[in-house]
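These are the residues of each chain, in order.
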2 protein chains.
Amino acid sequence: MDQRTRILFENRARVMKALAHPSRLFIVNELASKERCVHELARLIGADISTVSKHLSVLKAAGIVQDEKRGSQVYYNLRVPCVLKFMDCVEAVLKTSAEKVLALQQGTAK
Amino acid sequence: MDQRTRILFENRARVMKALAHPSRLFIVNELASKERCVHELARLIGADISTVSKHLSVLKAAGIVQDEKRGSQVYYNLRVPCVLKFMDCVEAVLKTSAEKVLALQQGTAK
DNA sequence: AAAATATTTGGCAATATAGGCAAATAGCCA
DNA sequence: TGGCTATTTGCCTATATTGCCAAATATTTT
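Not measured: the values here are computed from a predicted model.

## Looking at the overall build of chain A
Turning to step 1, where the next piece is worked out: Looking only at helices and strands, chain A features five helices and three strands.
Turning to step 2, where the next piece is worked out: Listing every helix and strand of chain A by position from the N terminus yields α-α-β-α-α-β-β-α.
Turning to step 3, where the next piece is worked out: Relative to its length of 110 residues, chain A is extended, with a C-alpha radius of gyration of 18 Å against a globular reference of 13 Å.
Turning to step 4, where the next piece is worked out: Split into buried and exposed, the 110 residues of chain A put 42% on the buried side.
Turning to step 5, where the next piece is worked out: Separation of charge centres in chain A, based on 18 positive and 11 negative side chains, amounts to 4 Å.

Written out as structure tokens, the structure reads:
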């Protein structure tokens, strides 16, 4: 793997890594329907506001969300909505995994 | 976030996490064109074979790849090819991020 | 059986991530 | 100004991930 290829995949991994956390996936999902400010998301998730703020900064640094300060609140929204499409495939992975586990349990796996 | 929702996003995050590493993304990319055995991937990546073997077991545990032992070699291939579609969106994220950085540098950001 | 090849697993040190609390910062309003 | 709300940041501890080496396991070959 040459230098250029390595950097390419490191950059891609950075984006994937930003999405690889349950709270951050939840946030992305929430922002799909409408923008939200930090304390709304914190309430929905049930975590400390500072924790959620940090999750948002991870998503922002990765270029997935953008923020806009209005008054004393900061509203976040999706900058690249295509990330929502990941979910269908992820569900497909989970579904076929579940099927495989089931097949193994039932001894019907090839 | 209720119990069921939490588990849903934890499962999704598990799959995303398996993809959130440069070597593992590279592997997925390689397997897109054809199956590979461990030492081939290790050579392409330039890492220790044991390291690559562990990456493969992470992908396998997530349900993304499957393995098939033939002789003394273990061939891996993609079990859920739709993960390849992630890359287009990830590139879109990287591209718009790059544009934003450029705009900021040039002072043309809104 | 011994040697050679392919892969996995255990152990370990280095590094990264997560999450909460407390403190700092910023805007709003009386 | 002072108090109140919203958000971010620093700090710290706990936990997870990574990658290599060495050892174990499996298969093929001589």
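Having seen the model, we can carry on.
## Details of the packing of aromatic side chains
Within a pair of aromatic rings, the relevant descriptors are the distance that separates the centres and the angle that separates the planes.
Turning to step 1, where the next piece is worked out: This structure, assessed with the given rule, holds three aromatic pairs over all chains.
Turning to step 2, where the next piece is worked out: Centre to centre, the rings of Phe-26 of chain A and Phe-9 of chain B are 5.5 Å apart; their planes meet at 80 degrees, and the pair counts as edge-to-face. Here Phe-26 of chain A is found in helix α2 (residues 22–33), whereas its partner Phe-9 of chain B is found in helix α1 (residues 3–19) on a different chain.
Turning to step 3, where the next piece is worked out: The class of Phe-9 of chain B is buried, set by a relative accessible area of 2%.
Turning to step 4, where the next piece is worked out: Centroid distance Phe-86 of chain A to Phe-86 of chain B: 4.2 Å. Interplanar angle 15 degrees. Geometry classified as stacked.

## Examining the interface of chain B and chain A
Turning to step 1, where the next piece is worked out: Opposite the 38 residues of chain B that make contact, chain A presents 38 residues.
Turning to step 2, where the next piece is worked out: Contact between chain B and chain A buries roughly 3500 Å² in total, counting both sides, with carbon and sulfur atoms accounting for 75%.
Turning to step 3, where the next piece is worked out: Where chain B meets chain A, there are two salt bridges.
Turning to step 4, where the next piece is worked out: Linking chain B with chain A are six residue pairs in polar contact (both at pLDDT 80 or more).

## Points about the protein's contact with DNA strand D
Turning to step 1, where the next piece is worked out: In the region of DNA strand D, 22 residues are neighbours, and His-39, Ser-53 and Tyr-76 of chain A together with Lys-54 and His-55 of chain B sit closest.
Turning to step 2, where the next piece is worked out: Counting only atoms of DNA strand D within 4 Å of the protein, the sugar-phosphate share comes to 73%.
Turning to step 3, where the next piece is worked out: Within the side chain of Ser-53 of chain A, a nitrogen or oxygen atom sits 2.6 Å from a phosphate oxygen of DNA strand D.
Turning to step 4, where the next piece is worked out: A distance of 2.7 Å separates a phosphate oxygen of DNA strand D from a polar atom in the side chain of His-55 of chain B.
Turning to step 5, where the next piece is worked out: Elements that contribute at least two residues to the surface near DNA strand D include exactly α3 (38–45), α4 (49–61) and β3 (73–78) of chain A together with α4 (49–61) of chain B.
Turning to step 6, where the next piece is worked out: Residues that form the surface near DNA strand D fall into these classes: five nonpolar, 11 polar and six charged.

## With respect to the protein's contact with DNA strand C
Turning to step 1, where the next piece is worked out: For DNA strand C, the set of nearby residues contains 22 residues, the closest of which are Lys-54 and His-55 of chain A together with Ser-53, Lys-54 and Tyr-76 of chain B.
Turning to step 2, where the next piece is worked out: Across the atoms of DNA strand C situated within 4 Å of the protein, the share located in sugar and phosphate is 69%.
Turning to step 3, where the next piece is worked out: Within the side chain of His-55 of chain A, an N or O atom sits 2.7 Å from a phosphate oxygen of DNA strand C.
Turning to step 4, where the next piece is worked out: Tyr-76 of chain B is positioned such that a nitrogen or oxygen atom in its side chain is 2.8 Å from a phosphate oxygen of DNA strand C.
Turning to step 5, where the next piece is worked out: When the residues that make up the surface near DNA strand C are grouped by side-chain class, the tally is five nonpolar, 11 polar and six charged.

## With respect to the sheet that holds strand β2 (residues 65–70) of chain A
The pairing of strands in a sheet comes from backbone hydrogen bonds and takes either a parallel or an antiparallel form.
All names here are of chain A.
Turning to step 1, where the next piece is worked out: Spatially, the three strands line up as an open sheet ordered β1-β3-β2, and their pairing is antiparallel. Bordering the open sheet on either side are β1 (36–37) and β2, each of which pairs with just one other strand.
Turning to step 2, where the next piece is worked out: Bridge analysis of β2 against β3 gives six bridges, and the strand direction is antiparallel. The residue bridging Asp-67 from the neighbouring strand is Tyr-76, located in β3.

## Points about the domain arrangement of chain A
Residue and element names in this part refer to chain A.
Turning to step 1, where the next piece is worked out: Under the domain assignment, chain A is made up of domain 1 (3–79) and domain 2 (81–110).
Turning to step 2, where the next piece is worked out: Placing a centre on the C-alpha atoms of domain 1 and another on those of domain 2 gives a separation of 26 Å.
Turning to step 3, where the next piece is worked out: The partner domain 2 presents five residues to the nine residues of domain 1 that form the contact.
Turning to step 4, where the next piece is worked out: For the pairing of domain 1 and domain 2, the buried interface totals around 540 Å² over both sides, and the portion due to carbon and sulfur atoms is 90%.

Quick notes on the rules
- Residues numbered from 1 in each chain as written.
- Chains lettered and ligands numbered in written order.
- Predicted model: local features only at pLDDT ≥ 70, side-chain atom pairs only at ≥ 80, totals over all residues.
- Heavy atoms only, no water.
- Helix = DSSP H or I, 4+ residues; strand = E, 2+ residues; numbered from the N terminus.
- Rg over C-alpha atoms; globule rule 2.2 N^0.38 Å.
- Buried < 20%, exposed > 50% of the residue type's maximum accessible area, 1.4 Å probe, protein only.
- Lys, Arg positive; Asp, Glu negative; His and termini not counted.
- Charge placed at Lys NZ, Arg CZ, Asp CG, Glu CD.
- Phe/Tyr/Trp six-rings, centres within 6.5 Å; stacked < 30°, edge-to-face > 60°.
- Contact = heavy atoms within 4.5 Å.
- Buried area = accessible area lost by both parts, 1.4 Å probe.
- Salt bridge = Lys/Arg side-chain N within 4 Å of Asp/Glu carboxyl O.
- Polar contact = N/O pair within 3.5 Å; in protein donor to acceptor, adjacent residues only side chain to side chain.
- Near = heavy atom within 4 Å.
- Nonpolar A, V, L, I, M, F, W, Y, C, P; charged D, E, K, R; others polar.
- Pairing = 2+ DSSP bridges.
- Domains from an automatic or database assignment.

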